[in-house]
Amino acid sequence: MSTLGWITAASGVRVPQVIYGTAWKKERTSALVAQALAAGFRGIDTACQPKHYDEARVGEAIADALARGTLRREELYLQTKFTSVDGQDPRRIPYDPRASLAEQVEQSFARSLENLRTTYLDALVLHSPLATRAQTSEVWRAMQTLCDGQRVRQLGLSNCYDLRELRWLCEAHELAPSVLQNRFYADTGYDREIRAYCRERGILYQSFWTLSANPYLLAHATLRAIAAHHGATPAQILFRWLTLEGCVPLTGTQSVQHLRESLAIFAIELRDEERARIGALLR
Ligand SMILES: NC(=O)c1ccc[n+]([C@@H]2O[C@H](COP(=O)([O-])OP(=O)(O)OC[C@H]3O[C@@H](n4cnc5c(N)ncnc54)[C@H](OP(=O)(O)O)[C@@H]3O)[C@@H](O)[C@H]2O)c1
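Here's a quick rundown of the structure. (Residues numbered from 1 in each chain as written. Predicted model: local features only at pLDDT ≥ 70, side-chain atom pairs only at ≥ 80, totals over all residues.)

1. As for the pairing of strand 10 (residues 248–251)
Judged by which residues are buried, strand 10 turns out to be covered on both faces: Val248 and Leu250 on one side and Pro249 and Thr251 on the other are all buried. Summarising the sheet, strand 3 (residues 19–21) and strand 10 pair through two bridges and their orientation is parallel. Bridged to isoleucine 19 within strand 10 is leucine 250. (Buried ≥ 20, exposed ≤ 12 C-beta atoms within 10 Å, placed from the backbone. Helix = DSSP H or I, 4+ residues; strand = E, 2+ residues; numbered from the N terminus. Pairing = 2+ DSSP bridges.)

In structure tokens:
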């Protein structure tokens, strides 16, 4: 039975507190998504970016679980991304690169629905801000139009490491992002200020590279001691700490054991003092 925790975003959308990421899995994508769903994951992150994601194979695994009756669409939090031309493999752009930015968003969205075999997305995420604010704004306004509660339930932003840009996006547009998906690592000071801003505005912070970018943290004596005390791994403790901070870690693990461990974090009760010690490692 799944022990998955959920959190409600400011938009009212319920989001699993740990999400399965589908990047770099190529032809193994459907089998690995099926494995994550069978383990109890109910949040899936992908992108309309054939260079790194096989969105159609994500759709295949979901369709299969729906057909077998092991999953209902409304139990699933399905999130994909619009990736601008800069982030695409020029030989495999999933929309017309000569179309206007607004049209590119519409075409990418239509492709995602087709790939994922769904009629709506729980979140549409802008993969990265564009080169200029004017371009980012044009894309964001097109995403806002799609976010009508029927086609897209909430919007997100990714790879925004400049608080001024995030603030601008929130303040200059009708809809603020409900999700921010960023690399969680020391080079950005673990996005401390950005995470505080997200908390203030009710934006859900999703972390990636949480384990791979932090070998130092995972090997730290403090984290290891806390992990040993709870009979857990340092990775589980870091994930649990993040969820208690209101963040949502992504994992793209290929291992059944790591899937189970990622779901088992919700039974770990970290004391305030332990949370503070872990927080201090990120300063
Ligand atoms: N927005 C963006 O630009 C962006 C960029 C990168 C990633 N993402 C998203 O984030 C997802 C996750 O990517 P990621 O880069 O964070 O890493 P990842 O794909 O989860 O890989 C991290 C590494 O950690 C290991 N691992 C995972 N869970 C573990 C656990 N519980 N204990 C020990 N080791 C564990 C994995 O090995 P095993 O397979 O052996 O467990 C793997 O070697 C992607 O699939 C994608 O959806 C988004």
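That covers the picture; the talk isn't over yet.
2. Let's talk about the site of the ligand
Around the ligand, the structure places 23 residues, and the nearest of them are Gly21, Ala23, Phe208, Gly252 and Thr253. For the shell around the ligand, the secondary structure elements donating two or more residues are strand 10 and helix 10 (256–264). For the shell around the ligand, the element with the highest residue contribution is helix 10, accounting for three residues. Considering only residue class, the shell around the ligand consists of six nonpolar, 15 polar and two charged. (Near = placed C-beta within 6 Å. Nonpolar A, V, L, I, M, F, W, Y, C, P; charged D, E, K, R; others polar.)

3. Digging into the packing of helix 8 (residues 221–230) against helix 9 (residues 234–244)
Axis separation between helix 8 and helix 9 bottoms out at 8 Å; the angle between their running directions is 95 degrees. Classified by the angle their axes make, helix 8 and helix 9 are roughly perpendicular. In this structure, helix 8 contributes Leu223, Arg224, Ile226, Ala227 and His230 to the contact, and helix 9 contributes Pro234, Gln236, Ile237 and Leu238. Of the residues that constitute the contact of helix 8 with helix 9, the class distribution is six nonpolar, two polar and one charged. (Axes fitted to C-alpha atoms, helices over the stretch in contact; angles between N-to-C directions. Parallel < 35°, antiparallel > 145°, perpendicular 65-115°, else oblique. Contact = placed C-beta atoms within 7 Å.)

4. Considering unusual backbone geometry
Note on backbone geometry: most residues besides glycine have negative phi, and most peptide bonds are trans. Not every positive phi belongs to a glycine, and asparagine 159 is a case in point at roughly 55 degrees. A positive phi angle, near 55 degrees, is found at aspartate 191, a position not held by glycine. Residue placement: aspartate 191 occurs in the loop between strand 8 (179–183) and helix 6 (192–201).

5. A look at the sheet that holds strand 7 (residues 155–158)
Reading around the barrel, the eight strands line up as 3-4-5-6-7-8-9-10 and close back on themselves, with parallel pairing between neighbours. Neighbour-to-neighbour, the strand axes of the sheet open up by a mean angle of 25 degrees, direction not taken into account. Of the strand pairs in this sheet, strand 4 (residues 43–45) and strand 5 (residues 77–82) are connected by three bridges, and their pairing is parallel. Residue pairing across strands places glycine 43 opposite tyrosine 77, the latter belonging to strand 5.

6. Description of the pairing of strand 7
Both faces of strand 7 are covered, namely the face carrying Leu155 and Leu157 and the face carrying Gly156 and Ser158. Once the chain exits strand 6 (residues 123–126) it traverses helix 4 (residues 133–146) before rejoining the sheet at strand 7, and the crossover so formed is right-handed. Note: strand 7 against strand 8, three bridges, orientation parallel. Residue pairing across strands places leucine 157 opposite leucine 180, the latter belonging to strand 8. Crossover handedness for the path strand 7 to helix 5 (residues 163–171) to strand 8: right-handed. (Right-handed = clockwise from strand over helix to strand, strands pointing away.)

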